Amino acid sequence: MTDTTYIAFLRAVNVGGRTVTMERLRALFTELGLSGVRTYIQSGNVFFHTSESDRAKLTRRIEEHLEDSLGYAVPTMLRTVGEVERLLAADPFDGREADPDTRLVVVFLPEPLPDDYELPQTSPKGDYEIVGADGGAAFVVMHLRGGRMNTNPGDVLGKAYRGKGTGRFLHTLHKILAAAQKG
């Protein structure tokens, strides 16, 4: 069986006082028998190879091991390099560009949005817009106020969605993909 290269997008890594070194994170993934484990920047992006074909089972195994080892839950969204390539090639922000007052964020989701989830939608305060989604991600335009985001992009989906996503700025996602492709 051929190995698949995954990118693990981790939520709750190196935020809110929960710190883990990238060396430790690589060791935790290696302990699971995953190969070619590498990390990219401090925000919880892990690349690895595996022949495991059951993504849901692999995700649970990673999440359980991280929680047992770190003492807190680390929601994990797994995507193949090819899936991230296709997501970026599809231009999910339809030509919009980031600027000093706007950030484009891809929020990776643990499960698809419900069929009745209405898109696009704008927050009551106008600080973000959810402009679209596919089966594994939502595309969020964040409007900065005073140079800051007032909302965690991973939390913008509200009560109509029970999952918790993890966001990556679009420009950073391009860099993550380029780094993953090198391995």
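Scroll up to find the structure this text is about.
Residues numbered from 1 in each chain as written. Predicted model: local features only at pLDDT ≥ 70, side-chain atom pairs only at ≥ 80, totals over all residues. Heavy atoms only, no water.

Would you mind showing me how to read the overall build of the protein here?
Summing up its helical and strand segments, the protein has four helices and nine strands in all. Written out in order from the N terminus, the α and β elements of the protein read β-α-β-β-α-β-α-β-β-β-β-β-α. Relative to the 2.2 N^0.38 estimate, which gives 16 Å for 183 residues, the radius of gyration of the protein is 16 Å and therefore close to what a compact globule would have. Across the 183 residues in the protein, those meeting the buried criterion constitute 45%. A separation of at least 24 residues holds for 66% of the contacts in the protein among residues at least 6 apart in sequence. Side-chain charges in the protein split into 22 positive and 24 negative, and the spacing between the mean points of these groups amounts to 5 Å. (Helix = DSSP H or I, 4+ residues; strand = E, 2+ residues; numbered from the N terminus. Rg over C-alpha atoms; globule rule 2.2 N^0.38 Å. Buried < 20%, exposed > 50% of the residue type's maximum accessible area, 1.4 Å probe, protein only. Contact = heavy atoms within 4.5 Å. Lys, Arg positive; Asp, Glu negative; His and termini not counted. Charge placed at Lys NZ, Arg CZ, Asp CG, Glu CD.)

What am I meant to see in the packing of helix α3 (residues 81-89) against helix α4 (residues 170-181) here?
Two packed helices can be described by the angle between their axes and the distance between those axes. Across the interface, α3 lies against α4 with an axial gap of 10 Å and an inter-helix angle of 145 degrees. Here the hand of the crossing between α3 and α4 comes out left-handed. Here V81, V84, E85, L87 and L88 of α3 lie close against α4, whose contacting residues are L170, L173, H174, L177, A180 and Q181. In the contact of α3 with α4, the residues fall into eight nonpolar, two polar and one charged. (Axes fitted to C-alpha atoms, helices over the stretch in contact; angles between N-to-C directions. Left-handed = near helix turned anticlockwise from the far one by under 90°. Nonpolar A, V, L, I, M, F, W, Y, C, P; charged D, E, K, R; others polar.)

How should the sheet that holds strand β4 (residues 76-80) be read in this particular structure?
Remark on secondary structure: sheet strands pair via backbone hydrogen bonds, oriented parallel or antiparallel. Across the sheet, which stays open at both edges, the four strands sit in the order β2-β3-β1-β4 with antiparallel pairing between neighbours. Strand pairing shows two members of the sheet lacking a second neighbour, β2 (35-39) and β4, which therefore form its edges. With strand direction ignored, the average angle separating the axes of adjacent strands in the sheet is 20 degrees. Both strand β1 (residues 4-10) and β4 contribute to a ladder of five bridges, which runs antiparallel. Within the sheet, the bridge partner assigned to A8 lies in β4 and is L78. The strands touched by helix α2 (residues 55-70) within the sheet are β1, β3 (45-50) and β4, with β4 carrying the most contacts at an inclination of about 140 degrees. (Pairing = 2+ DSSP bridges.)

Just to check I follow, could you spell out the packing of helix α1 (residues 22-31) against α2 for this structure?
Where α1 contacts α2, the two axes come as close as 10 Å, and the packing angle between them is 130 degrees. Considering their axes alone, α1 and α2 lie oblique with respect to each other. For α1 against α2, the interelement crossing comes out right-handed. Where α1 abuts α2, its residues R24, L25, L28, F29 and E31 lie against I62, H65, L66, S69 and L70. (Parallel < 35°, antiparallel > 145°, perpendicular 65-115°, else oblique.)

How do you make sense of the pattern of salt bridges when you look at a structure like this?
Side chains carrying opposite charge are able to pair once their charged atoms draw close together. Applying the stated criterion across every chain yields a total of six salt bridges. Taking the shortest distance from any N to any O, the salt bridge between R24 and E31 comes out at 3.7 Å. Given the relative accessible area of 34%, R24 is considered partly exposed. (Salt bridge = Lys/Arg side-chain N within 4 Å of Asp/Glu carboxyl O.)

Looking at this structure, I do not really get the environment of E85. What am I missing?
Inspection of the secondary structure puts E85 in helix α3. Judged by relative accessible area, which is 36%, E85 ranks as partly exposed. Separated by 88 residues in sequence, E85 and L173 place their C-alpha atoms 9.9 Å apart. Setting aside chain neighbours within four positions, we find E85 in contact with L177 and Q181.

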